[in-house]
Amino acid sequence: VEVTFNEPMEPATIGSATFELRDSSNALVTASVTYQAASRKATLRPGIALTAGMTYTATVRGGPADPRVKDLAGNSLAASET
């Protein structure tokens, strides 16, 4: 799963606590997250094989509560994006 931001983001705020994948029973799926500053792109790679036919939901955390993704000025996303 890839997310491209429209401005540079604070790399320290982009990780498995702020960009997550959940299965159809809302269980967290183990995954690694990387951020490429040059392209402003975050990539989530599941740590397990995903089950065919199962629905998964990826969420980037925003809003007022930590943990959340922030830009270089310290501003967080207004709300979580799914």
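Higher on the page you've got the structure.
So, here is what we can say about the structure in this document. (Residues numbered from 1 in each chain as written. Predicted model: local features only at pLDDT ≥ 70, side-chain atom pairs only at ≥ 80, totals over all residues. Heavy atoms only, no water.)

**What to know about the nonpolar core**
Soluble globular proteins tend to pack their nonpolar side chains together in the buried interior. Our working rule: In these notes, a set of buried Ala, Val, Leu, Ile, Met, Phe, Trp, Tyr and Cys residues joined through side-chain atoms within 4.5 Å is what counts as a nonpolar core. Partly exposed residues are those whose accessible area sits between 20% and 50% of the maximum for their type, while under 20% is buried and over 50% is exposed, using a 1.4 Å probe and protein chains only. Starting at the N terminus, helices and strands are each numbered in turn, a helix being any DSSP run of H or I of at least four residues and a strand any DSSP run of E of at least two. By the convention used here, residues are in contact when the closest approach between their heavy atoms is within 4.5 Å.
Ranked by size, the top nonpolar core spans 13 residues in total, and within it Phe5, Met9, Ile14, Phe19, Tyr35, Ala42 and Val69 carry the most contacts. Counting residues per element, the ones that place at least two in this core are β2 (19-22), β4 (31-36), β5 (41-46) and β6 (57-60). Filtering out sequence-adjacent residues up to four positions away, Met9 remains in contact with Ile14, Tyr35, Val69, Lys70, Asp71 and Leu72.

**Topic: the packing of aromatic side chains**
Quick note on the threshold: Within 6.5 Å between ring centres, the rings of Phe, Tyr and Trp (the latter by its six-membered ring) count as paired, and their orientation is classed by plane angle as stacked under 30 degrees, edge-to-face over 60, tilted in between.
One pass over the full model with this rule turns up one aromatic pair. Ring centres of Phe5 and Tyr35 lie 6.3 Å apart, and the angle between their planes is 65°; on these two criteria the pair is classed as edge-to-face. With a gap of 30 residues between them, Phe5 in the loop between β1 (2-4) and β2 and Tyr35 in strand β4 connect regions that are remote in the sequence. Residue Phe5 shares its accessibility class with Tyr35, and that shared class is buried.

**Some words on the sheet that holds β1**
Our working rule: Paired strands, in this sense, are two strands between which DSSP finds at least two bridges. A fitted line through C-alpha atoms serves as each axis, taken over the contacting stretch for helices, and the angle formed by two N-to-C directions is quoted from 0 to 180°.
If you trace the three strands from one edge of the open sheet to the other, you get β1-β5-β4, paired in antiparallel fashion. The two strands at the open ends of the sheet, each matched to only one other strand, are β1 and β4. Mean inter-strand twist for the sheet, computed between neighbouring axes without regard to direction, equals 15°. Pairing between β4 and β5: six bridges, direction antiparallel. Opposite Gln36, over in β5, you have Lys41 as the bridge partner.

**Side note on unusual backbone geometry**
Geometrically, the link from Asp66 to Pro67 is a cis peptide bond, its omega value of 0° lying close to zero. Tracing the chain through its elements places Pro67 in the segment after β6. In this structure, Asn26 is a non-glycine residue whose phi angle is positive, near 70°. Here Asn26 lies in the loop between β2 and β3 (28-29). Even without being a glycine, Arg40 presents a positive backbone phi close to 60°. Tracing the sequence through the fold places Arg40 in the loop between β4 and β5.

**Here's the deal with the environment of Ala27**
Within the element layout of this structure, Ala27 appears in the loop between β2 and β3. On the accessibility criterion, Ala27 (33% relative accessible area) is partly exposed. Residues in contact with Ala27, not counting those within four places in the same chain, are Leu21 and Arg22.

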